[in-house]
Amino acid sequence: MLCTKCNRSFSLTEKIWKCPCGGLLDLEVQSTFPIEKIEARKPNLWRYREALPVAKEECIISFEEGFTPLVPVELDGRSVWIKQDHLFPTGSYKDRGASVLMSKVKELGISRVVEDSSGNAGCAIAAYSAKGRIQSEIYVPDSTSPGKLAQIEAYGAVLKKIPGSREDTARAVWDAAQKDYYASHSWNPFFFQGTKTWAFEVWEQLGWKAPDTILLPVGNGTLLLGAFIGFGELLEAGMIREIPRMIGVQSVHCAPLARAFREGLKEIPKIQPQETLAEGIAIAEPVRGKQIVEAVKKSGGSFLSVQEEEVKRALRLTGRMGFYVEPTAAAAVAGVLQYLKSSDPEETIVSVFTGHGLKATEKILKILGESAKH
Ligand SMILES: Cc1ncc(COP(=O)(O)O)c(C=O)c1O
Ligand SMILES: [Zn+2]
């Protein structure tokens, strides 16, 4: 592990999630991709075994998750590949990060973790903690969708509902994280070692090829940075020629990264977030904000921001095609619809359904109720 601030390096066996200097830690893994071995393994994310930094097989905590279907979906007359990550065991792609991070936690011999989340990462950490017999304490904003709250409690985690904004929740967990291991999806570098498998699966499912463009919803950027790491490792290993163009999708109501990119800012600006249906990407102060903007730039990509009305339209549209996703996932679809207006008709585009609709029943009922009135 390498500190992004002071360059100090640490062994993978140290029980730390940030540098003593306060800096974010990054991980560099020399991944290999032995295709014949990969193909012979079960269809789950652990098939990319040589790329996942958990040494002890017996410490792996897995529900055989991953290798989600990559299906063509017709949007505004164009065929776009959509990865069905709402079909994970806990109903969101966060299981990718949780499986690898919690396996590492097990390997390190840690018996208790804390995590804060807008809901889905908390669900995933709670479920994998339950499977691995590790105690977990999950901090969430008290406005989180009830479906996610119930799920966290059902897994036996201690649920801490924090009044106020998502940032208030992040501040509340900080004290707890000074004594217990912080299984954070934004700070902990092992989480990204799991989300990078999204890139490997897309590459394999497209016939061992990278797409031209990917569009992903971005709050803390765990999927976007994971995809960047994953495609970066494939490039390094000579498996692909280029990292796909990465387009980050934010909500107009909370778009600090889109603004930093658009205005060429060196720092992520302080913004006044407004409430949004896309609760999963309502992150006003993303811990890895600068890294995310940098990754998007390096890939030759950009950011898009979507209005609430576009999220609602995308949610209704996907539902009518038989896909039931939560509003945050619909925000990415809204981003795809925007992007298609000016895209090259020949390019291969991949996006994702990040979270299941059953997690956000109240919000979806409201959206459907509004459309019934029109
Ligand atoms: C359904 C869903 N989609 C997308 C995201 C965005 O992920 P990130 O904040 O890591 O960018 C989240 C985060 O909670 C989510 O729950
Ligand atoms: Zn440091």
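Values in this document were obtained by computation on a predicted structure and should not be read as measured data.

Draft legend 1. Structural detail: the pairing of strand 6 (residues 135–141). Among the 7 residues in strand 6, 6 count as buried, and that is most of the element. In the sheet, strand 5 (residues 112–116) pairs with strand 6 via 5 bridges, with the strands oriented parallel. Bridge pairing in strand 6 places glutamate 115 opposite isoleucine 138. In the classification by handedness, the crossover that spans strand 5, the intervening helix 3 (residues 120–132) and the parallel strand 6 is right-handed. Across 5 bridges, strand 6 lies against strand 7 (residues 158–162) in parallel orientation. Looking at strand 7, one finds that glutamate 137 is bridged to valine 158. For the segment spanning strand 6, helix 4 (residues 146–154) and strand 7, crossover handedness is right-handed.

Draft legend 2. The arrangement of the packing of aromatic side chains in detail. Counted according to the given criterion, the structure contains 12 aromatic pairs. With centroids separated by 5.6 Å and ring planes inclined at 80°, the aromatic side chains of tryptophan 17 and tryptophan 187 adopt a geometry described as edge-to-face. Taken together, the residues span a long stretch of sequence, with tryptophan 17 in the loop between strand 1 (2–3) and strand 2 (25–26) and tryptophan 187 in the loop between strand 8 (181–182) and helix 6 (189–195) at a distance of 170 residues. An identical accessibility class is assigned to tryptophan 17 and tryptophan 187; each is buried. Linked through ring pairs, Phe33, Tyr48, Phe200, Trp203 and Trp208 together constitute an aromatic cluster. Positioned above the aromatic ring of tryptophan 17, the side-chain terminus of lysine 18 is 5.2 Å from the ring centre.

Draft legend 3. Quick look at the pairing of strand 12 (residues 349–352). Residues Ile349 and Ser351 of strand 12 are buried on one face, and the alternating residues Val350 and Val352, pointing to the opposite face, are buried as well. As judged from the 3 bridges shared by strand 4 (residues 78–83) and strand 12, these two strands associate in the parallel manner. Note that in strand 12 the partner of tryptophan 81 across the bridge is valine 350. Sheet analysis places strand 9 (residues 213–217) next to strand 12, joined by 2 bridges and oriented parallel. Its bridge partner lying in strand 12, isoleucine 214 is registered against valine 350.

Draft legend 4. Focus on the coordination of the zinc ion (ligand 2). Around the zinc ion (ligand 2), the protein contributes the donor atoms Cys3 (SG), Cys6 (SG), Cys19 (SG) and Cys21 (SG), which lie 2.3 Å from the metal centre. Because the angles between the 4 donor atoms bound to the zinc ion (ligand 2) fall within 106 to 116°, the donor set is best described as tetrahedral. In terms of primary sequence, the donors binding the zinc ion (ligand 2) are separated according to C-x2-C-x12-C-x1-C. Of this pair, cysteine 3 sits in strand 1 while cysteine 21 sits in the loop between strand 1 and strand 2; the two residues are 18 residues apart in sequence, bridging distant segments of the chain. Cysteine 3 gets classed as buried once you look at its relative accessible area, which sits at 1%. We classify cysteine 21 as partly exposed; its relative accessible area is 35%.

Conventions and cut-offs
- What you see as residue numbers is a count from 1 along each chain, following the sequence as written.
- Labels follow written order: the first chain is A, the first ligand is 1, and so on.
- This being a predicted model, a pLDDT of at least 70 is required before a residue's local features are given, and a value of 80 or more before pairs of side-chain atoms are given or counted; all residues contribute to the totals for chains, interfaces and linings.
- No hydrogens and no water enter the side-chain calculation; it runs on all heavy atoms of the structure.
- Buried residues are those whose accessible area, probed at 1.4 Å on protein chains only, stays under 20% of the maximum for their type, while exposed residues exceed 50% and partly exposed ones sit between those limits.
- By the criteria applied, helices consist of DSSP H or I runs no shorter than four residues and strands consist of E runs no shorter than two, each listed in order from the N terminus.
- Note on pairing: DSSP must find at least two bridges between two strands before they are called paired.
- When the strands point away from the viewer, a crossover counts as right-handed if the route from the first strand across the helix to the second turns clockwise.
- Note on aromatic contacts: the rings of Phe and Tyr and the six-membered ring of Trp form a pair at centre separations within 6.5 Å, being stacked when their planes are under 30 degrees apart, edge-to-face when over 60 apart, and tilted otherwise.
- The rule for a charge over a ring is simple: NZ of Lys or CZ of Arg within 6 Å of the ring centre, and within 35 degrees of the ring normal.
- Donor criterion used throughout: N, O or S atom within 2.8 Å of the metal, extended to 3.2 Å for Na, K and Ca. Water excluded; incomplete-looking sites may result.
- Between 85 and 135 degrees for all angles marks four donors as tetrahedral; over 155 degrees for opposite donors together with 65 to 115 for all other angles marks four donors as square planar and six as octahedral; every other arrangement is irregular.

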